[in-house]
Amino acid sequence: QVQLVESGGGLVQPGGSLRLSCAASGSFFAIGDMGWYRQAPGKERELVASITSGGITRYLDSAKGRFTISRDNGKNTVYLQMNTLKSDDTAVYYCNAFVKIRRVGDAIFAWGEGTLVTVSL
């Protein structure tokens, strides 16, 4: 009933910037917290940034000062602006959202399929 589609990944040089987008579509009542996770080869998936429906944000320590998460509730979209990218930021980035399907009950955690970010010369 809900799909999350990420976009904006690609190849960027160290020190460069990239902006990821994740749009939710389908049939649902409301979207609560949203976030961006990433998983690098051989590493565990980690939460990079999150944002509540009211706009409260949290960041992975290594992302603080470099990444900015934001959302457009009218578009059901969450963004991740990534600046001063490092090679260690290379990973598949996944969008996540808590989605209330109906006004009364029926809520799920939704995941996107992921978008690859490669930071390299």
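Conventions adopted
Residues numbered from 1 in each chain as written. Predicted model: local features only at pLDDT ≥ 70, side-chain atom pairs only at ≥ 80, totals over all residues. Heavy atoms only, no water. Phe/Tyr/Trp six-rings, centres within 6.5 Å; stacked < 30°, edge-to-face > 60°. Lys NZ or Arg CZ within 6 Å of the ring centre and 35° of its normal. Helix = DSSP H or I, 4+ residues; strand = E, 2+ residues; numbered from the N terminus. Polar contact = N/O pair within 3.5 Å; in protein donor to acceptor, adjacent residues only side chain to side chain. Disulfide = S-S within 2.5 Å. Buried < 20%, exposed > 50% of the residue type's maximum accessible area, 1.4 Å probe, protein only. Salt bridge = Lys/Arg side-chain N within 4 Å of Asp/Glu carboxyl O. Core = buried A, V, L, I, M, F, W, Y, C linked by side-chain atoms within 4.5 Å. Contact = heavy atoms within 4.5 Å.

K.L.:
Explain the packing of aromatic side chains here, please?
P.N.:
What characterises a pair of aromatic rings is the spacing of the ring centres plus the angle enclosed by the ring planes. Applying the stated criterion across every chain, the model contains 2 aromatic pairs. The residue whose ring lies beneath Arg19 is Tyr79, and the NZ or CZ to ring-centre distance is 4.4 Å. The ring of Tyr94 has Arg45 lying over it, and the distance from NZ or CZ to the ring centre is 3.8 Å.

K.L.:
For this particular structure, what's the right way to read the side chain of Arg38?
P.N.:
Along the polypeptide, Arg38 turns up in strand β4 (residues 30-39). There is a polar contact of 2.8 Å between the side chain of Arg38 and the side chain of Glu46. Engagement of the side chain of Arg38 in a polar contact is seen with the side chain of Tyr93, the distance being 3.0 Å.

K.L.:
Hey, could you run me through the state of the cysteines in this one?
P.N.:
Each disulfide consists of one covalent bond between the sulfur atoms belonging to two cysteines. Evaluated as defined, the whole model comprises 1 disulfide. Disulfide partner of Cys22: Cys95, at an S-S distance of 2.1 Å. Disulfide Cys22 to Cys95: torsion about the S-S bond roughly -85°, handedness left-handed. Taken together, the positions of Cys22 in strand β3 (residues 18-26) and Cys95 in strand β9 (residues 91-100) put the pair 73 residues apart, joining distant regions of the chain. Each member of the pair, Cys22 as well as Cys95, is classed as buried.

K.L.:
Help me out: how do you make sense of the pattern of salt bridges in this one?
P.N.:
For side chains bearing opposite charge, pairing can occur when the charged atoms are close. Applying the stated criterion to the full structure yields 4 salt bridges. In this structure, the salt-bridge partner of Asp89 is Arg38, at a minimum N-O distance of 3.0 Å. Of this pair, Asp89 sits in the loop between β8 (77-82) and β9 while Arg38 sits in strand β4, and the two are 51 residues apart along the sequence. Asp61 serves as the salt-bridge partner of Lys64, at 3.1 Å between the closest nitrogen and oxygen. Residue Asp61 is classed as exposed on the basis of its relative accessible area of 62%. Look at the salt bridges and you will find they share partners, linking Arg38, Glu46, Arg66 and Asp89 into a network.

K.L.:
It is not clear to me how the nonpolar core should be interpreted in this structure. Could you clarify?
P.N.:
Burial of nonpolar side chains together is a common tendency in soluble globular proteins. Counting 31 residues, the largest nonpolar core has Trp36, Phe67, Val78, Leu80, Met82, Tyr93 and Val99 as the members making the most contacts within it. Going through the elements one at a time, β1 (2-7), β3, β4, β5 (46-51), β7 (67-72), β8, β9 and β11 (115-119) are the ones with two or more residues in this core. With 5 residues, the top contributor of residues to this core is β9. When residues no more than four places from it in sequence are discounted, the contact partners of Leu80 are Leu18, Arg19, Leu20, Trp36, Val48, Ala49, Phe67, Thr68, Ile69 and Tyr93.

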